[in-house]
Amino acid sequence: MSVTAYNKILIPVDGSDASYRAFREALSIAKRNNSELVLLNVLDDFVRLGNPDASTRLYNDLREDALSVLESYEAEAKEAGLENVSLEIIKGDARYGIVEFAEKIKADLVVVGATGKGAIERAMMGSVSEYVVRNMKSHVLVIK
C-alpha cells in the first residue's frame, strides 16, 4: 500500500470553531509530512451591493478581521515548529473560491471544517465543505 505525500496543504478558515479544529488537524498532518501549510480566508463578495463607500468600509473591516485570524493561526503553527506557512485572502463565494484556489496552488490536501459560521450551513454538513468534497480533484479531509 502506498502512502500519499502531502507537500502542500490548504486549510480554509473563517474563525469558526469547526475551522479551528480543521486547522489543528491540518497542522498535525503538515508537521508529520514537513508540508507547506496554506491558510486561506475567502471574503464573501456580498459587499458589492448598496452604497459603494459603505461596502468598501465593510470589506476593509472584514479583511482586517480575516487577516487577524490568519495571523493568529500562523503564529500558532510557527510556535508548533512549522515554518513553511503562508496566508491568503481572496474575495468571492467560499465554495468556488476554495476549489479554484486549491487547484491554482496545486494543493495535495484540503482540510475543511464540517460546518462554518452560517446557521443554515450548520443544519447540514455545510454547503461549503460538501461542495469542496464533491468538486476537488485532490484529497479532502472533513473535520467534525
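The present account deals with the structure reproduced in this document. Note that the coordinates shown come from a computational prediction; the quantities given were computed from them, not determined experimentally.

### Quick look at the pairing of strand β1 (residues 8-12)
Counting buried positions along β1 gives four out of five residues, so the element sits mostly inside the fold. As judged from the five bridges shared by β1 and strand β2 (residues 36-43), these two strands associate in the parallel manner. Along β2, the bridge assignment pairs Lys 8 with Glu 36. In this region the chain leaves β1, passes through helix α1 (residues 17-33) and returns to the parallel neighbour β2; the handedness of that crossover is right-handed. For β1 and strand β4 (residues 109-113), the ladder comprises two bridges, and the chain directions are parallel. Each residue of the ladder has a partner; that of Leu 10, found in β4, is Val 110.

### Comments concerning the packing of α1 against helix α2 (residues 52-79)
Relative to each other, α1 and α2 sit at 30°, their axes nearing to 11 Å. When the interaxial angle is binned, α1 and α2 end up roughly parallel. You can see that α1 and α2 cross each other, and the crossing is right-handed. On α2, the residues that touch Ser 19, Tyr 20, Phe 23, Arg 24 and Leu 27 of α1 are Tyr 73, Glu 76 and Ala 77. Partitioned by chemical class, the residues of the contact of α1 with α2 number five nonpolar, one polar and two charged.

### Quick word on unusual backbone geometry
Phi angles above zero are rare outside glycine, and Asn 34 is one such case at about 50°. Within the secondary structure, Asn 34 is located in the loop between α1 and β2. Looking at Asn 34, the relative accessible area reads 68%, which means it is exposed. Positive phi, close to 60°, is recorded for Lys 106, a residue that is not glycine. Here Lys 106 lies in the loop between α3 (94-105) and β4.

### A look at the nonpolar core
One finds Ile 9, Ile 11, Phe 23, Leu 37, Leu 39 and Val 111 to be the most contacted residues of the largest nonpolar core, which totals 24 residues. Mapped by element, the contributors of at least two residues to this core are β1, α1, β2, α2, β3 (85-91) and β4. With six residues, the single largest contributor to this core is α1. Ignoring anything within four residues of it in the chain, the contact list for Ile 9 reads Ala 26, Ile 29, Ala 30, Ser 35, Glu 36, Leu 37, Val 38, Leu 109 and Val 111. One finds Val 42, Ile 98, Val 99 and Val 128 within the second-largest nonpolar core, a separate group that totals 16 residues.

Conventions and cut-offs
- Residues numbered from 1 in each chain as written.
- Predicted model: local features only at pLDDT ≥ 70, side-chain atom pairs only at ≥ 80, totals over all residues.
- Heavy atoms only, no water.
- Buried < 20%, exposed > 50% of the residue type's maximum accessible area, 1.4 Å probe, protein only.
- Helix = DSSP H or I, 4+ residues; strand = E, 2+ residues; numbered from the N terminus.
- Pairing = 2+ DSSP bridges.
- Right-handed = clockwise from strand over helix to strand, strands pointing away.
- Axes fitted to C-alpha atoms, helices over the stretch in contact; angles between N-to-C directions.
- Parallel < 35°, antiparallel > 145°, perpendicular 65-115°, else oblique.
- Left-handed = near helix turned anticlockwise from the far one by under 90°.
- Contact = heavy atoms within 4.5 Å.
- Nonpolar A, V, L, I, M, F, W, Y, C, P; charged D, E, K, R; others polar.
- Core = buried A, V, L, I, M, F, W, Y, C linked by side-chain atoms within 4.5 Å.

So far we have only geometry, and geometry alone does not tell us how the molecule works.
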